[in-house]
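# Reading the structure
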Amino acid sequence: MVLRIATAGSVDDGKSTLIGRLLHDTKTVFEDQLSAVEKASTRYGDGSLNLALLTDGLRAEREQGITIDVAYRYFATPKRTFVVADTPGHAQYTRNMVTGASASDVAIVLVDARNGLTEQTRRHLFVASLLGVKLVILAVNKMDLVDFDEATYHRIVAEATAHADALPAPVVLNPLPISALLGDNVVDASTNMPWFKGLPLLDLLETIEVPGDHNVGARLAVQWVIRPYSTEHHDYRGFAGRLTGGSLAIGDLIRVLPGGQQSTVIGIDRGGVPQDTAQPGEAISIQLADDIDIGRGDVLVAAVASESPIVTDRIIADISWMVDKPLETGSRWIIKHQTRTAKAFVSAIELRHDVATATRSPAESLGLNDLGRVHLNVSVPLVIDNYDRHRPGGAAVLIDEATGMTCAALMIRDSE
Amino acid sequence: MTMIDSGTQATPAEIKQSVAELEDEAITIIREVAAECRNPVLLFSGGKDSAVLLHLAAKAFRPGSLPFPVMHVDTGHNFDEVIVYRDILVEQYGVKLIVASVQESIDSGRAVEETGPRPSRNRLQSVTLLDAIAEHKFDAAFGGGRRDEDKARAKERILSFRDHFGQWEPRAQRPEPWNMLNAKIRPGEHLRAFPLSNWTELDIWRYIGIENVALPSIYFSHRRTVVERNGMLLSVGGPVVLEAGEMPFEEIVRYRTVGDASCTGAVRSMASNVDEVLVEVAAARITERGATRADDNFSDSAMEDRKREGYF
Ligand SMILES: Nc1nc2c(ncn2[C@@H]2O[C@H](COP(=O)(O)OP(=O)(O)O)[C@@H](O)[C@H]2O)c(=O)[nH]1
Ligand SMILES: [Mg+2]
């Protein structure tokens with residue numbers, strides 16, 4: 001199935017060049033795109049083909065030679081289909097790295113072999129841990145600039161591994177040495193580094209196994225109630241949403257949360273076509289045996305679930321703060337959790353995560369790009385799961401009522 | 001992005017599954033925007049992407065009907081087949097159609113026709129589109145844009161914010177962690193929603209094949225009188241005016257995209273059905289816009305510039 005990849009690492013470590021190299025060497029780049037990049041390489045550089053321009057597509061990015069916002073690219077090999085999010089490395093764009101990592105199976109964290117780990121590398125490893133990215137590849141890049149030296153590579157891998165082991169949720173690293181510029185160990189195995197016995201990056205991406213999601217039992221957050229009002233479908237009421245957590249079948253007993261009523265599934269439609277069962281990820285609508293008051297924001301859960309969600313208006317969550325305006329104790333925001341939108345009050349800031357040292361410190365407020373842990377009082381009860389157990393039930397965002405801006409990503413850990 | 005697909009050993013079942021996943025994602029987006037926005041509209045050009053979009057939107061609410069209208073921004077530079085097709089489709093789906101006319105924007109002085117020998121109305125569409133959004137007080141417009149179409153589109157959010165002036169500011173986009181959509185806006189601002197963000201040209205054609213989505217006939221091979229201009233085959237008649245020294249000729253062609261007829265090129269093709277088009281798309285070495293849109297080849301940032309002004 002599709003593998004979702006996000007890049008990470010400091011600015012100039014070679015993320016965009018690596019993605020460009022992957023696209024180029026898998027022959028994914030169309031002729032007109034390549035000639036446009038050749039032209040732009042002359043305009044914005046010394047004329048040698050700059051593969052980073054394949055993803056750095058905005059004018060400002062090309063003028064400044066940096067990545068400002070996430071670019072999404074798609075490519076396929078005979079073995080797999082890939083979606084790549086190329087993210088910016090600047091600290092000021094950390095929110096874009098969080099965004100890229102949130103929806104990916106694999107994070108490729110790049111390190112410049114000359115510099116070793118930087119604060120940004122540590123930050124990104126921390127983010128990968130906090131967001132529960134399932135697989136992390138550590139790509140030690142620019143090996144051509146350190147004479148493809150084996151000792152340098154091992155020193156960096158050891159340093160990164162020590163950091164990854166010390167993270168609150170330890171991250172397993174899959175390391176490899178590469179040169180994104182020259183292509184060593186990207187698609188083809190490097191002839192310059194015979195000492196490296198592992199797979200080149202593309203082979204690794206093609207074969208790496210993504211751990212499956214926990215089966216917590218079926219959950220469906222209601223997005224929309226389908227009521228045709230036609231004579232043919234007079235009594236039809238379909239509760240539409242995306243199934244997560246586990247499969248569902250006609251005849252299953254479900255519970256409506258937060259209300260608590262029970263009923264039986266008597267119909268499942270996917271795109272208007274009836275089916276007997278549904279799998280996680282499917283956009284469906286379901287009909288119930290009983291006439292219960294159910295609306296957008298309510299969650300239908302399997303009555304016999306392996307893990308039950310918690311209904312609560314007090315949550316504890318790790319947070320990535322994404323705007324200039326600080327987050328302070330006592331401040332109010334809009335919270336969007338699944339299909340429910342409500343008001344949230346910051347009752348406490350428990351701590352700030354110090355990303356460089358992977359330690360915690362007390363905090364009065366959180367600023368742009370800070371990672372921390374907060375306690376929130378919500379205006380209505382939410383149906384939550386622990387983020388690590390069931391992501392859709394544990395993820396939320398905060399929105400600024402005044403500006404409409406998305407200010408934070410929340411990973412819910414518990415109820416208060 | 002998918003030329004290697006002919007080499008993928010994907011089985012029909014795997015292809016069906018991957019397209020079904022894209023459908024699930026798109027339907028989820030469509031329902032979410034419909035629920036969060038007060039007055040959305042679906043932009044319908046008559047092209048293949050908007051045909052797929054309309055098909056998905058109808059499925060999202062079945063057996064109910066589509067809870068929002070459809071709007072065509074009409075450049076006046078149309079292919080006749082596309083208008084015929086549009087009207088049949090509107091009838092079939094039973095949706096409400098709004099036509100926003102670029103000609104009317106020109107007549108009222110809101111937009112000024114490009115001068116020079118080859119005026120295109122592609123850019124003018126932004127004026128008409130933004131005026132229509134304001135007039136009908138739409139707070140969200142669904143578009144068929146895909147990230148694989150262009151390097152500026154590759155940077156676009158699924159739910160993309162537009163300020164009072166209808167402008168896109170790529171540096172100030174709202175983060176979308178876990179693809180959670182934030183539809184909060186203030187009066188005068190609006191959103192563009194792109195449910196097909198993660199689809200490639202090949203995915204679109206596979207879906208058209210699997211779901212039997214009807215398309216205008218010009219997407220399949222036919223005989224047409226064309227003229228070659230800057231390596232592009234433009235249909236003679238309609239808005240394209242022959243210039244000195246240009247010799248029209250007959251060719252078997254089809255269209256890979258449908259846009260303003262003055263600047264949308266045809267490609268030589270014998271593909272007369274979806275299966276044959278799929279083979280062709282999988283082997284293509286030029287992007288669909290590169291092959292068929294004269295206006296995108298004017299400058300390297302043509303799409304970004306138009307998008308900043310409020311384009312689709
Ligand atoms: N020598 C060498 N230079 C590289 C390598 N990878 C990237 N670069 C250069 O490093 C600079 C920054 O690369 P870029 O891909 O924009 O980095 P990003 O900020 O991480 O996306 C560019 O000048 C690249 O050409 C490499 O493997 N070797
Ligand atoms: Mg970059």
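See the structure above.
Reading guide: rules and limits
Every chain is numbered independently, its residues counted from 1 as its sequence is written. Working convention: letters from A go to chains and numbers from 1 go to ligands, in the order in which they are written. Predicted model: local features are reported for residues with pLDDT of at least 70 only, side-chain atom pairs are reported and counted for 80 or more only, and whole-chain, interface and lining totals are derived from all residues. Note that the side-chain values use all heavy atoms of the structure and ignore hydrogens as well as water. For Na, K and Ca the donor cutoff is 3.2 Å, while for all other metals N, O and S atoms must lie within 2.8 Å; water is not among the atoms, so some sites may look incomplete. Runs of E in the DSSP output that reach at least two residues are strands. Runs of H or I that reach at least four are helices, and both are numbered from the N terminus. DSSP bridges decide pairing: two strands pair if at least two such bridges lie between them. Note on method: axes are straight lines fitted to C-alpha atoms, helices fitted across the in-contact stretch only, with angles between N-to-C directions ranging 0 to 180 degrees. Contacts: residue pairs with any heavy atoms within 4.5 Å of one another. Any residue with a heavy atom positioned within 4 Å of a molecule or strand is treated as near that molecule or strand. Identification of polar contacts relies on pairs of N or O atoms within 3.5 Å, with a donor-acceptor requirement for protein atoms, meaning one able to donate a hydrogen and the other able to accept it, and with residues adjacent in sequence counted only if both atoms are side-chain atoms. Burial classification: accessible surface area is computed with a 1.4 Å probe over protein chains only, and a residue below 20% of its type maximum counts as buried, one above 50% as exposed, and the rest as partly exposed. Nine residue types can take part in a nonpolar core, namely buried Ala, Val, Leu, Ile, Met, Phe, Trp, Tyr and Cys, and a core is a set of them joined through side-chain atoms within 4.5 Å. For the purposes of this description, domain bounds are those given by an automatic or database domain assignment.

### A word on the coordination of the magnesium ion (ligand 2)
The coordination sphere of the magnesium ion (ligand 2) contains the protein donors Ser-16 of chain A (OG) and Thr-67 of chain A (OG1), at a distance range of 2.0 to 2.1 Å. Linking Ser-16 of chain A in helix 1 (residues 15-25) with Thr-67 of chain A in the loop between helix 3 (59-64) and strand 2 (71-76), this pair joins segments that are 51 residues apart in sequence.

### Describing the sheet that holds strand 2 (residues 70-74) of chain B
Residues and elements named next belong to chain B. Sheet architecture is open: 6 strands sit in the order 3-2-1-4-6-5, paired in mixed fashion. Looking at the sheet topology across the chains shown, the edges are occupied by strand 3 (97-101) and strand 5 (159-162). The sheet shows a mean angle of 30° between the axes of neighbouring strands, direction not considered. Docked against the sheet, helix 2 (residues 48-61) engages strand 1 (40-43), strand 2 and strand 4 (140-142), running at close to 140° with respect to strand 1.

### Quick look at the site of ligand 1
Residues and elements named next belong to chain A. Close contacts around ligand 1 come from 17 residues, with Asp-12, Lys-15, Ser-16, Thr-17 and Asp-144 the closest. Between ligand 1 and Thr-17, the relevant distance is 2.5 Å, taken from an oxygen atom to a side-chain nitrogen or oxygen of the residue. Side-chain polar atom of Lys-142 to an oxygen atom of ligand 1: 3.0 Å apart, as the coordinates give it. The dominant element in the shell around ligand 1, judged by the number of residues it contributes, is helix 1, at 3 residues.

### As for the side chain of Arg-256 of chain B
Residues and elements named next belong to chain B. Mapped onto the elements, Arg-256 comes out in the loop between strand 9 (249-255) and strand 10 (266-268). Of the residues examined, Arg-256 reaches a relative accessible area of 6% and is grouped as buried. Only 2.9 Å separates the side chain of Arg-256 from the side chain of Glu-201, close enough to count as a polar contact. Residue contacts for Arg-256: discarding those within four places in its chain leaves Lys-48, Glu-201, Tyr-219, Val-267, Ala-284, Ile-286, Thr-287, Glu-288, Ala-291 and Thr-292.

### Observations regarding the sheet that holds strand 3 (residues 81-86) of chain A
All names here are of chain A. Read from one edge of the open sheet, 6 strands run 2-3-1-4-5-6, paired in mixed fashion. At either end of the open sheet lies a strand with only one pairing partner, and these are strand 2 and strand 6 (173-177). Averaged over all neighbouring strand pairs, the angle between strand axes comes to 25°, with direction disregarded. Helix-sheet contacts for helix 5 (residues 119-130) involve strand 1 (3-9), strand 4 (106-112), strand 5 (135-141) and strand 6, and the interaxial angle to strand 4 is about 170°.

### What to know about unusual backbone geometry
Leu-257 of chain A connects to Pro-258 of chain A through a cis peptide bond whose omega is 10°. Mapped onto the elements of the fold, Pro-258 of chain A is located in the loop between strand 11 (253-257) and strand 12 (262-270). Pro-63 of chain B follows Arg-62 of chain B through a cis peptide bond whose omega is 0°. Relative to the helices and strands, Pro-63 of chain B resides in the loop between helix 2 and strand 2. Even without being glycine, Asn-185 of chain A reaches a positive phi, approximately 60°. Judged by relative accessible area, Asn-185 of chain A falls into the buried class, the value being 3%.

### Quick notes on the environment of His-214 of chain A
All names here are of chain A. Looking at where His-214 falls in the secondary structure, it is placed in the loop between helix 7 (201-207) and strand 7 (219-221). On the basis of relative accessibility, which here comes to 36%, the residue His-214 falls in the partly exposed class. Sequence separation of His-214 and Ala-139 is 75 residues, and the distance between their C-alpha atoms is 28 Å. Excluding its chain neighbours within four sequence positions, the residues that come into contact with His-214 are Gly-245, Asp-388 and Arg-389. Looking at His-214, its side chain comes within polar contact range of the side chain of Arg-389, at 3.3 Å.

### As for the nonpolar core
Within the largest apolar cluster, 76 residues are counted, with the highest numbers of intra-cluster contacts made by Leu-22, Ile-108, Leu-131 and Leu-205 of chain A. Shared between two domains, this core holds at least three residues of each, these being domain 1 (2-207) and domain 3 (310-415) of chain A. Core analysis: the second largest hydrophobic core is formed by 62 residues, Ala-34, Phe-142, Leu-159 and Ile-218 of chain B among them.

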